[in-house]
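In case you want the letters, here they are:
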Amino acid sequence: MIVDLHTHSRCSDGSLTPRELLERAKARDVSLMSITDHDTIAAYEEVKAADYPEMTLVPGTELSCTWSGVNIHMLGLGLDLNNQQLVEQLQQQSHARAERADIIARRLEKLGFTGIYEGVKEMAAGRAIGRPDFARQMVKLGYVPSMNVAFDKYLGAGKPGDVKAVWPDLADAVAWIVAAGGVAVIAHPSHYKMTNAKLRRLLVDFKACGGEGIEVCNGKPPAVELNYLKSLCVEYGFEASMGSDFHSPSTWLDVGCRSELLGDCPVVWSRWC
Ligand code: AMP
Ligand code: MN
Ligand code: MN
Ligand code: MN
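So, here's what we can say about the structure. (Residues numbered from 1 in each chain as written. Chains lettered and ligands numbered in written order. Predicted model: local features only at pLDDT ≥ 70, side-chain atom pairs only at ≥ 80, totals over all residues. Heavy atoms only, no water.)

### A closer look at the sheet that holds strand β1 (residues 2–4)
Now for step 1: Overall, mixed pairing links the four strands, which are arranged β3-β2-β1-β9 in an open sheet. Bordering the open sheet on either side are β3 (56–57) and β9 (257–258), each of which pairs with just one other strand.
Now for step 2: Where strand β2 (residues 32–33) meets β3, two bridges bridge the pair, whose relative direction is parallel. Paired with M33 across the bridge in β3 is L57. (Pairing = 2+ DSSP bridges. Helix = DSSP H or I, 4+ residues; strand = E, 2+ residues; numbered from the N terminus.)

Structure follows, in structure tokens:
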């Protein structure tokens, strides 16, 4: 089975419209799919599950939150898109993004990178601003040679553009997802540069506040990472999720993952298929 429970559209930092993204998934035989834009469910205003009978479309989002000083990404899958609290909290997330963008712009300005914000706002054209917009503009203005360098030096974890204060606590993010009938899944657990001990503390706290899943497979992880996350899944009694984290056709990772990679791990999608 080909599954993808983690993808981005133009409603956040992806390059395809929601419709183009689903057409691409369809062409690649994806039968279980979620569009999980950062802090928004706007994609689901543009596409309807009924138009894609060949796949199960699971409403989702990827929430930004914090736990113990770390910016964690929390997937909410199987959401009731009309849940009032969720809708209101996503509006709050959008305000938080705007506020964060102002702070990032000021910090970069202080470092001597002037004239960035105008281009960033123009590029975003009304949707929420993310760090990739700043990175792209820094490349465009010749301040850095690539987006990678922009993240490594100025925007990534622990750098001046990494503004965490605006995000809600992990427990709140989990609560909103659960109240909207969804399943909370920790996205890409190995991206947070945590020690194993800290990751285990995160899993314990996450479980205690109602979290049920971890993203065992994000993109194409090396076998050691995949096996480690599978073992954590079993040890802590979580269900496994998987997704490409697709953002655009120009990056090497395309839509769709093979479910066989998860072996006999219990999976989050048993409730939808
Ligand atoms: P934000 O949602 O504004 O916190 O920005 C985080 C997003 O930046 C991630 O979801 C990725 O899409 C993107 N990102 C992270 N690291 C890099 C990188 N090194 N190069 C390009 N994009 C990145
Ligand atoms: Mn992204
Ligand atoms: Mn993420
Ligand atoms: Mn993502």
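Structure shown, so let's carry the discussion forward.
### Some details on helix α2 (residues 84–110)
Now for step 1: Its 27 residues place the ends of α2 39 Å apart at the C-alpha level, agreeing with the 39 Å of an ideal helix rising 1.5 Å per residue.
Now for step 2: Of all the positions in α2, only L86, L90, Q93, A96, R97, R100, A101, I104, A105 and L108 are classed as buried.
Now for step 3: Each element contacted by the buried residues of α2 is listed here: β4 (60–67), α3 (117–124), α4 (131–140), α5 (147–155) and α6 (170–179).
Now for step 4: Where α2 begins, one side-chain oxygen reaches toward the backbone nitrogen of Q85, 3.3 Å away; that side chain belongs to N83.
Now for step 5: Following α2 by one or two positions, G112 adopts a phi angle in the positive range, close to 100°. (Expected span 1.5 Å × (residues − 1). Buried < 20%, exposed > 50% of the residue type's maximum accessible area, 1.4 Å probe, protein only. Contact = heavy atoms within 4.5 Å. Polar contact = N/O pair within 3.5 Å; in protein donor to acceptor, adjacent residues only side chain to side chain.)

### Some thoughts on the coordination of the manganese ion (ligand 3)
The textbook angles at a metal center are 109.5 degrees for a tetrahedron of four donors and 90 or 180 degrees for an octahedron of six.
Now for step 1: Every protein donor of the manganese ion (ligand 3) is listed here as E62 (OE), H73 (ND1) and H188 (NE2), and their distances to the metal cover 2.1 to 2.2 Å.
Now for step 2: Counting along the primary sequence, the residues that act as donors to the manganese ion (ligand 3) give the motif E-x10-H-x114-H.
Now for step 3: Using a relative accessible area of 6% as the deciding quantity, one classes H188 as buried. (Donors = N, O, S within 2.8 Å, 3.2 Å for Na, K, Ca; no water.)

### Thoughts on the coordination of the manganese ion (ligand 2)
Now for step 1: At this site the manganese ion (ligand 2) is bound by D13 (OD), H38 (NE2) and H247 (NE2), with donor distances of 2.1 to 2.2 Å.
Now for step 2: When the donors of the manganese ion (ligand 2) are listed by position in the chain, the intervening gaps give D-x24-H-x208-H.
Now for step 3: Here the manganese ion (ligand 3) and the manganese ion (ligand 2) are spaced 5.6 Å from one another. With D13 in the loop between β1 and α1 (18–27) and H247 in the loop between β8 (239–243) and β9, this residue pair connects regions lying 234 residues apart in the sequence.

### Brief notes about the nonpolar core
Now for step 1: Counting residues in hydrophobic clusters, the biggest one holds 67 residues, and the most contacted among them are I72 and M74.
Now for step 2: Setting aside anything within four residues of it in sequence, one finds I72 in contact with L63, S64, C65, T66, W67, L170, I186, Y192, M194 and L202. (Core = buried A, V, L, I, M, F, W, Y, C linked by side-chain atoms within 4.5 Å.)

### A few points about the pattern of salt bridges
Side chains that carry opposite charge are capable of pairing whenever their charged atoms lie near each other.
Now for step 1: Taken as a whole and assessed by the stated rule, the structure comprises eleven salt bridges.
Now for step 2: Across the salt bridge formed by R131 and D162, the nearest N and O atoms sit 3.9 Å from each other. One end of the pair, R131, is in helix α4; the other, D162, is in the loop between α5 and α6, with 31 residues separating them in the sequence. Each member of the pair R131 and D162 is classed as buried.
Now for step 3: A salt bridge links E239 to R271; its shortest N-O distance comes to 2.8 Å. One end of the pair, E239, is in strand β8; the other, R271, is in the segment after β9, with 32 residues separating them in the sequence.
Now for step 4: Salt bridges sharing partners connect three or more residues here, namely R24, R28 and D254. (Salt bridge = Lys/Arg side-chain N within 4 Å of Asp/Glu carboxyl O.)

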